[in-house]
Amino acid sequence: MTTETTKETPEAAAVPPSGAAPAKKKVPQGHRRLLTRRDRFTLALMAGLPTILHIALVWVTAFASIALAFTTWDGIGFDSIQWVGLQNFKELFEQNPQFWPAVEHNVIWFVVLIAIPTPLGLFLAVQLDKKIKFSRVYQTAFFLPVVMSMAVIGFVWQLIYNPDTGLINSIIGANEPGKYIDWIGDPDLNLWAILIAASWRHTGYMMILYLAGLKGVDPSLREASSLDGANEWQTFKNVIFPTLRPTNTVVLVVTIIEALRAFDLVFVFNKGAEGTELLSILVTNNIIGESSRIGYGSAIAVVLLLISLVVIIPYLVSTFRKERRA
C-alpha cells in the first residue's frame, strides 16, 4: 500500500481555502496608537495646568506690574486707575529719601555675599572634596541653613542678637544695664548684623555649588600636576580653579539674584526700617502697606526687574553661545 504525498507550491499555499475568512492584515508597529485617550488627557493636564499657573502667576503679573507702573491706583476698583506716565519714576528718583539708600544697601548686600561667604564656601568645598572622615555629616551640617526657611533663620538670629539674653551680648558682657548693644535697633549695626545671618546661610549654598563643580574635575589633571612637582596650593590655583569657570559664573549670577531678592531676613528683623531699607522692602511697603500705592510700588518693582535683567540677559546670551559652539 502506497501513500501519496502532495507538495503544495508557495503560490498554492498562499491562496486561502474556499470558505475560509480572509486573513487580517497586520498593522505595522509604527502606525499603532501608543497613547490612549486617557493618557493624552493625563499628559495634557500635567503639562497644561503648570503652564497655565506659570503664565498667570509670573508673566501676567509681571506685565501687569509694568503697566501699573505708569498709573496711580489705590487697589480699590479698576475704575480708579489713572494714567500718570513717568510721574512715579520721577518721584521715585527725585523725591523718595529711601530709594537711593535702598539701592546702596542692595549693592552692599552683594559685595558682602561675594566677598565673605563665597570664598568660605569654596574653602569648605575644597576640604570636603578631600574625602575626609564624616564628610557627609559636615556637608549636612553646613547645608542645613540653606534648606531652612529664611523666616526661621531670622527668628533664630533674633534670639542671638537679643540685647538682654542674646548669645553675643552674653559672651562679650554687653547684657548689663548701661552696656547694652542693640544689634537690631542701632542703624549703624543692624544692616551688618543681618548680613552676618545672610552670610551664614549663603556659605552652605556656595559650598554645595563648588563641591558639585569639584566633583566634575578630571582626576588626571591632579595627577599630572603632582607629577610636575606642584604642591597643593599651586595645583588648586593653576589647575583646579581655572576649570571651575562655569561654576564661578553660576555662583556670580546666584549671588547677584540673592542680593536683589533679599527680603525675608530684613522683614523679620525690623521690617526694613532704621538703616535696613531694601528695594524689595519698598515694593512691599507701597503695595500691601497702609498707603496702598500700587502704581508707585509697581514702579519700584520695574526698577528692580530692570536691574535683574541687566545681570541675567548677558548670562543667558553667554550660555546659549557656548551651547551652540559645543
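Rules behind the numbers
Residues numbered from 1 in each chain as written. Predicted model: local features only at pLDDT ≥ 70, side-chain atom pairs only at ≥ 80, totals over all residues. Heavy atoms only, no water. 1 Å grid on protein atoms, 1.4 Å probe; cavity = no way out; pocket = protein on both sides within 12 Å on 5 of 7 lines; lining within 4 Å. Points joined across faces, edges and corners; volume = space filled by probe spheres on them. Helix = DSSP H or I, 4+ residues; strand = E, 2+ residues; numbered from the N terminus. Nonpolar A, V, L, I, M, F, W, Y, C, P; charged D, E, K, R; others polar. Expected span 1.5 Å × (residues − 1). Buried < 20%, exposed > 50% of the residue type's maximum accessible area, 1.4 Å probe, protein only. Arc of directions from axis to C-beta. Polar contact = N/O pair within 3.5 Å; in protein donor to acceptor, adjacent residues only side chain to side chain. Salt bridge = Lys/Arg side-chain N within 4 Å of Asp/Glu carboxyl O. Core = buried A, V, L, I, M, F, W, Y, C linked by side-chain atoms within 4.5 Å. Contact = heavy atoms within 4.5 Å. Phe/Tyr/Trp six-rings, centres within 6.5 Å; stacked < 30°, edge-to-face > 60°.

A. Representation of empty space enclosed by the protein within the structure. Under the definition given, this model contains one cavity of 30 Å³ or more. Lining of the largest cavity is provided by Trp109, Leu113, Met150, Ala198, Arg201, His202, Glu258, Arg261, Ala262, Phe263, Asp264 and Leu265. Contributing elements (two or more residues each) for the lining of the largest cavity: α4 (99-115), α9 (190-215) and α13 (264-270). If you tally residues by element for the lining of the largest cavity, the top one is α9, at three residues. Residue classes in the lining of the largest cavity are distributed as seven nonpolar, one polar and four charged.

B. Up close: helix α7 (residues 150-161). Taking 1.5 Å per residue, 12 residues should reach 16 Å; α7 reaches 16 Å between its end C-alpha atoms and fits that length. Residues Met150, Ile153, Gly154, Trp157, Ile160 and Tyr161 constitute the buried set of α7. Each buried residue of α7 lies within a common arc of 115° when the element is viewed along its axis, so the set occupies one face. Exposed residues lying more than 90 degrees from the buried face of α7 are Phe155 and Leu159. A side-chain oxygen of the first residue of α7 lies 3.3 Å from the backbone nitrogen of alanine 151; this N-cap is serine 149.

C. The pattern of salt bridges, seen in detail. Tallied over the full model, the rule gives six salt bridges. A salt bridge links aspartate 129 to lysine 215; the shortest N-O distance between them is 3.4 Å. Within this pair, whereas aspartate 129 is found in the loop between α5 (117-128) and α6 (135-147), its partner lysine 215 is found in helix α9, the two being separated by 86 residues in sequence. The class for aspartate 129 is buried, based on a relative accessible area of 15%. Note that glutamate 258 is salt-bridged to arginine 261, the shortest N-O span being 3.3 Å. We classify glutamate 258 as buried; its relative accessible area is 15%. When its relative accessible area of 47% is taken as the criterion, arginine 261 is described as partly exposed. Connected via shared salt-bridge partners are Asp129, Lys215 and Arg222.

D. How the structure looks around the nonpolar core. Core analysis: the biggest nonpolar cluster contains 24 residues, and Trp109, Trp157, Tyr161, Leu265 and Phe269 have the highest contact counts within it. Of all the secondary structure elements, the ones that give two or more residues to this core are α4, α7, α9 and α13. Residue contributions to this core peak at six residues, all from α9. Setting aside its immediate chain neighbours within four residues, leucine 265 contacts Met150, Ile153, Gly154, Ile194, Ala197 and Ala198. Core analysis: the second largest hydrophobic core is formed by 17 residues, Phe99, Val103, Val283 and Tyr296 among them.

E. Geometry of the layout of surface pockets. By volume, the largest pocket is sized at about 650 Å³. What lines the largest pocket is a set of 20 residues, among which Ala62, Ala301, Leu304, Leu305 and Ser308 lie closest to the centre. A total of eight residues in the lining of the largest pocket trace back to one element, the largest contributor, which is helix α2 (residues 37-68). Looking at the lining of the largest pocket residue by residue, the class counts come to 15 nonpolar, four polar and one charged. Broken down by secondary-structure element, the contributors of at least two residues to the lining of the second largest pocket are α5, α10 (219-227) and α11 (232-243). Considered class by class, the residues forming the lining of the second largest pocket number eight nonpolar, four polar and four charged.

F. The packing of aromatic side chains, seen in detail. Within this structure, the stated rule accounts for 14 aromatic pairs. With centroids separated by 5.8 Å and ring planes inclined at 20°, the aromatic side chains of phenylalanine 70 and tryptophan 83 adopt a geometry described as stacked. Of the two residues, phenylalanine 70 sits in the loop between α2 and β1 (71-72) while tryptophan 83 sits in strand β2 (residues 82-83), which places them 13 residues apart along the sequence. A residue is classified by how much of its surface remains accessible, and phenylalanine 70, at 24% relative accessible area, is partly exposed. A relative accessible area of 66% places tryptophan 83 in the exposed class. Seen from their ring centres, tyrosine 161 and tryptophan 183 are 6.0 Å apart, and the 35° between their planes marks the pair as tilted. In this pair, tyrosine 161 sits in helix α7 while tryptophan 183 sits in the loop between α8 (167-172) and α9, placing the two residues 22 residues apart along the sequence. Owing to a relative accessible area of 2%, tyrosine 161 belongs among the buried residues under this scheme. Among the aromatic residues, those joined into a ring-pair cluster are Trp157, Tyr161, Trp183, Trp200 and Phe269.

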